[in-house]
Amino acid sequence: MRQRVIELNDVRCILGHTNVGLYESYLIDTSVIDVPLDITAILITHGHGDHFTWAGTLQKRTGAVIIAPKEDAFLIENPETNVRGLFNWARPPVEMTTKFFLGDACGVDHYAEEYPFEEGIAPVHLPGHTMGHTGYLCDGVLFAGDALYSKDIWERHKLPYSIDVELTRRSLKTIQNTTFDWLVPSHGTIMSKEESAEQIELHLNQLTQIDNMILRLLSAPRSTEDLIFLVLKELGIEDNLAKYWLSVTTIKGHLSGLVSTYKVAYTITNHRVYWQLSEDLERVK
Ligand SMILES: [Zn+2]
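Bear in mind that the values here come from a model prediction, so they are computed numbers and not experimental data.

> Please clarify how the sheet that holds strand β15 (residues 272-277) should be interpreted in this entry.
Reading across from one edge, β13-β15-β14 is the order of the three strands in this open sheet, with antiparallel pairing throughout. Each end of this open sheet is capped by a strand with a single partner; those strands are β13 (222-223) and β14 (264-269). In this sheet, β15 lies alongside β14 in antiparallel orientation, the contact comprising six bridges. Within β15, the residue paired with isoleucine 268 across the bridge is valine 273.

Encoded structure:
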């Protein structure tokens, strides 16, 4: 994808596979290598490789400090952790590893939550995509990272990554309640505050639809593996090892949300975990 630079308020946005911001001497995310040498700080939204790819190289080149959310710092300092987490801490075969979890490790100098930002710039905690996922609000422009999936993302990915669906919902409400002129998602098209309201509603609706699909598929108790099969089949998700494991996490993210809201319960029988509707389990008791 070709890069394109646009200006919103006093912020420059470098649009590409991962959209990047440049505000005064702050760089937001690092998927580009061609940046002014006078940057003083690199702000990372979260610990996925497509957001911190060049952080280490840019730090060496510019001397900028690296600032990242506390709960994601370990993923940036040791991306292997993310790869291991995906496979229950065992080491997955290489074909099962997504490129989004790889990347050159680099040290984090400051946590976003503790850094004394100057006026005009503030971190906005938006967890759900990862535990520490954080957006940055610069001069009325919200760099929202991967917290909001717009229509174009949903058209390409039927089950975009979320580790905690309830936190994702809460973060979407946080975006709704934040004042800004423009929202720059890390992937996809820039939107105005007004357009973001529509996209937030779409994202929330999609999450509800996936929840409802899972509840429908649990009309009978299903093992984890069977439920994953049924969800992927219904959504028509292609067979790809790396995508499969990302989908497994997202389906589990939905399941844990449904458990925490008392809609789904679980049992273990014959060495298999079964998921079922809470009301059905109550009826059996
Ligand atoms: Zn991400």
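This is not the end of the story, as more comes after the structure.
> Quick question: what am I supposed to make of the sheet that holds strand β12 (residues 191-192) here?
Neighbouring strands of a sheet are bound in pairs by backbone hydrogen bonds; such pairs are parallel or else antiparallel. Across the sheet, which stays open at both edges, the five strands sit in the order β8-β9-β10-β11-β12 with mixed pairing between neighbours. Two strands lie at the open edges of the sheet, namely β8 (121-125) and β12, each paired on one side alone.

> I would appreciate a short explanation of helix α6 (residues 165-176) in the present structure.
Three or four residues apart is the spacing at which side chains of an α-helix point the same way, because the helix has 3.6 residues per turn. Look at α6: 17 Å from first C-alpha to last across twelve residues, which is about the 16 Å you get at 1.5 Å a residue. Restricting attention to buried positions, one finds in α6 the residues Val165, Leu167, Thr168, Ser171, Leu172 and Ile175. Taken end-on, α6 shows its buried residues confined to a sector of 150°, consistent with a single buried face. Buried residues belonging to α6 abut β10 (141-145), α7 (193-217) and α9 (241-260).

> In this structure, what is going on with the packing of helix α8 (residues 224-235) against α9? I would like to understand it.
When two helices pack together, you describe them by how their axes are tilted relative to each other and by the distance separating the axes. Their axes nearest at 11 Å, the elements α8 and α9 cross at an angle of 105°. On the basis of the axis angle, α8 is roughly perpendicular to α9. Contact residues: Leu227, Ile228, Val231 and Leu232 in α8; Ser247, Val248 and Ile251 in α9. When grouped by side-chain class, the residues that make up the contact of α8 with α9 number six nonpolar, one polar and no charged.

> I'm lost on unusual backbone geometry in this one. Help?
A negative phi angle characterises most non-glycine residues, just as the trans form characterises most peptide bonds. Even without being a glycine, aspartate 29 presents a positive backbone phi close to 65°. A tally of 27 C-beta atoms within 10 Å means that aspartate 29 is categorised as buried.

> Sorry, what's going on with the pairing of strand β9 (residues 134-138) here?
The side chains of a regular strand alternate, first on one face of the sheet and then on the other. When you tally the buried positions in β9, you get five out of five residues, the bulk of the element. Side-chain alternation along β9 places Thr134, Tyr136 and Cys138 on one buried face and Gly135 and Leu137 on a second face that is also buried. In this sheet, β9 lies alongside β8 in antiparallel orientation, the contact comprising five bridges. In the strand pairing of β9, alanine 122 is matched with leucine 137. Strand direction decides the pairing type here: β9 and β10, joined by three bridges, are antiparallel. Looking across to β10, one finds that tyrosine 136 is bridged to phenylalanine 143.

> Would you take a moment to explain the environment of glutamate 201 for this structure?
Within the element layout of this structure, glutamate 201 appears in helix α7. A tally of 12 C-beta atoms within 10 Å means that glutamate 201 is categorised as exposed. For the pair glutamate 201 and phenylalanine 117, spaced 84 residues apart in sequence, the C-alpha separation works out to 31 Å.

> Can you walk me through the pairing of strand β2 (residues 11-15) in this structure?
Alignment of strand β1 (residues 4-8) against β2, held across five bridges, turns out to be antiparallel. Note that in β2 the partner of valine 5 across the bridge is isoleucine 14. Hairpin geometry of β1 and β2 is characterised by an intervening segment of two residues between the two adjacent antiparallel strands and by a positive phi of about 50° at asparagine 9. Of the pairings in the sheet, the one linking β2 to strand β3 (residues 20-23) comprises three bridges and is antiparallel in character.

> In this structure, what is going on with α8? I would like to understand it.
Compared with the 16 Å implied by 1.5 Å per residue over twelve residues, the 17 Å span of α8 between its first and last C-alpha is a close match. Immediately beyond the C-terminal end of α8, within one or two residues, lies glycine 236, with a positive phi of roughly 65°.

> What exactly am I supposed to notice about the domain arrangement of the protein chain here?
Often, the extent of an interface is quoted as the loss of accessible area upon association of its parts. As assigned here, the protein chain comprises domain 1 (4-209) and domain 2 (218-284). On a C-alpha basis, the centres of domain 1 and domain 2 stand 28 Å from each other. Tallying the contact residues gives 13 residues for domain 1 and 15 residues for domain 2. Here the residues of the side of domain 1 that touches domain 2 sort into six nonpolar, three polar and four charged.

> Sorry, what's going on with the environment of threonine 40 here?
In this structure, threonine 40 sits in the loop between β4 (26-28) and β5 (41-43). Overall, the presence of 12 C-beta atoms within 10 Å leaves threonine 40 in the exposed class. Sequence separation of threonine 40 and valine 273 is 233 residues, and the distance between their C-alpha atoms is 50 Å.

Cut-off values and rules
- Residue positions are counted from 1 within each chain, in the order its sequence is given.
- Local features in this predicted model are restricted to residues whose pLDDT is 70 or higher, and side-chain atom pairs enter the listing and the counts only when it is 80 or higher, whereas totals over whole chains, interfaces and linings include all residues.
- Two strands are said to pair when DSSP picks up at least two bridges between them.
- A helix here means a DSSP run of H or I that spans at least four residues, while a strand means a run of E at least two residues long, and both kinds are numbered starting from the N terminus.
- What a helix is expected to span follows from its residue count: subtract one and scale by 1.5 Å.
- To assign burial, the other C-beta atoms lying within 10 Å of each residue's own C-beta are counted, with C-beta atoms placed from the backbone; 20 or more indicates buried, 12 or fewer indicates exposed, and intermediate counts indicate partly exposed.
- To be clear, the arc concerns the directions from the helix axis to the C-beta atoms.
- For every residue pair, C-beta atoms are placed from the backbone, and the pair is scored as a contact if these atoms sit within 7 Å.
- Axes here mean lines fitted to C-alpha atoms, for a helix over just the part in contact, with angles spanning 0 to 180 degrees between N-to-C directions.
- With respect to orientation, any angle under 35 degrees is reported as roughly parallel, any angle over 145 as roughly antiparallel, any angle of 65 to 115 as roughly perpendicular, and every other angle as oblique.
- Each residue gets one of three labels, nonpolar for Ala, Val, Leu, Ile, Met, Phe, Trp, Tyr, Cys and Pro, charged for Asp, Glu, Lys and Arg, and polar for the others, Gly among them.
- Domain boundaries shown here were taken from an automatic or database domain assignment.

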